[in-house]
Each structure stands twice: as C-alpha cells, then as structure tokens.
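# Descriptive structure summary
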Amino acid sequence: YSCASNDAFTVVLTRMGAGFVGDCICWLAEEDVKNIIFIGSCAAVDPSLEIGEVVKIHECYAVDSFSSILSEDFKKNSYEKLKTISEKDTENIKNAVCLTTASIKNGNIIVENIQFGDIDVIDMESSAVIEATKKYGLNTEIFLFVQDIFPEKPFFRVYDDHDKAKMFDAQKRISSII
C-alpha cells in the first residue's frame, strides 16, 4: 500500500483485487474513518458505455473468488448508501450494476449466464468495498471509469491517444467530484 493524508482525508493506493482493497478498508475501519470513496477502473459490458465514461456503482454481483467463477457459484450483494459522501453533483453519472470478479479472462462465463443480464460493468474490487464497508458501518460511494470494453477492447491492449485522453478526462472528472 501507499498512502498520503492531511487533516481532511487520506488517499490509499492498493494493488488490484478484492483482497487488497478489502483488507485496506478493514485496517482503515480501526481508525477514525467514517467515509470510503473508492475510485477505480472497470470494463464496460453495457454497449452504450464508452472508454472514459464514469459510472457510480449502486449494486454489485460478488464473484470475487476464482474458484466460484469456475464452479459457477454466484451471489448478488447490494447496499444502500447511508448518505451521499461527495458534495458535487453526480446526476449526470450513470448508476451502474457491477460484477466483481477474480478473473477478467473468465468473465465470459459469468456474463453469458442468463441471471446476470443487468450487468453494466466488470471490475475486481467493488464487491469487497461494499462488504467491508457494510461490515464496519462505513458510508461508501464507488466511482469507476471505463478503461476497456469487454471483450472487444481488453485492458492489456495499447491505447490510442483518443482513449488515453478520454481516460485522463474521466480521472479528472472523478477528482472534481470528491
């Protein structure tokens, strides 16, 4: 982990994945933390979403165990925010349903499953954020920017200048919200 803080807030950079993010929130819960704003990237499944678009997660499927993906043992979790944390207007940001998975490569196993017809985006952390903040009674908001389009434009491709600019703009937009 890397972090920086001042009197108003702390920023923590974790590695990718539910375990790292979940542990971070559990550690922070032992401090005087009341609000968690998670910022990350995701893959769009909804064809109307484009690279660089910002979404706010309001519901999430938890498939963040590699074994549960391959065994098709899925569950859906959801949460209600205790309050809106961000003070800026977010009405132009789409509320999205997320699928948190331990394997983007095997995401097609999940996406093709009929019970997941409402998925907008896929990530590897949101479910852990929801469960950890729920466990400790913390307020939470999750903002993700679309980094890739599943499965047509994978995250490991070389980004063109247009996509790089859109992702940079999305990161600036999220920064202005918080």
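Throughout what follows, the structure given in this document is the object of discussion.

Scoring rules and cut-offs
Residues numbered from 1 in each chain as written. Predicted model: local features only at pLDDT ≥ 70, side-chain atom pairs only at ≥ 80, totals over all residues. Heavy atoms only, no water. Helix = DSSP H or I, 4+ residues; strand = E, 2+ residues; numbered from the N terminus. Buried < 20%, exposed > 50% of the residue type's maximum accessible area, 1.4 Å probe, protein only. Contact = heavy atoms within 4.5 Å. Areas by Shrake-Rupley, 256 points an atom, 1.4 Å probe, with all protein chains shown as cover. Pairing = 2+ DSSP bridges. Polar contact = N/O pair within 3.5 Å; in protein donor to acceptor, adjacent residues only side chain to side chain.

## As for the overall build of the protein chain
Along the protein chain, the regular secondary structure elements total 5 helices and 8 strands. When the helices and strands of the protein chain are read in sequence order from the N terminus, they spell out β-β-α-β-β-α-β-β-α-β-α-β-α. Put simply, the protein chain has 178 residues, and 47% of those count as buried. The contacts in the protein chain between residues at least 6 apart in sequence include a share of 75% that link residues at least 24 apart. About 10100 Å² of surface is accessible on the protein chain, with carbon and sulfur atoms providing 51% of the total.

## Overview of the pairing of strand S2 (residues 10-13)
With 4 bridges joining them, strand S1 (residues 2-5) and S2 adopt antiparallel strand pairing. If you follow Ser5 over to S2, its bridge partner there is Thr10.

## Observations regarding the side chain of Thr100
Inspection of the secondary structure assignment puts Thr100 in strand S6 (residues 94-101). Since its relative accessible area comes to 0%, Thr100 is described here as buried. A distance of 2.8 Å separates the side chain of Thr100 from the side chain of Asp123, its partner in a polar contact. A polar contact of 2.8 Å, which involves the side chain of Thr100, links it to the backbone nitrogen of Ser127.

## Things to note about helix H4 (residues 126-136)
Taken residue by residue, H4 has Ser126, Ser127, Ala128, Val129, Ile130, Ala132 and Thr133 as its buried positions. Phi for Gly137, located one or two positions after H4, is positive at around 65°.

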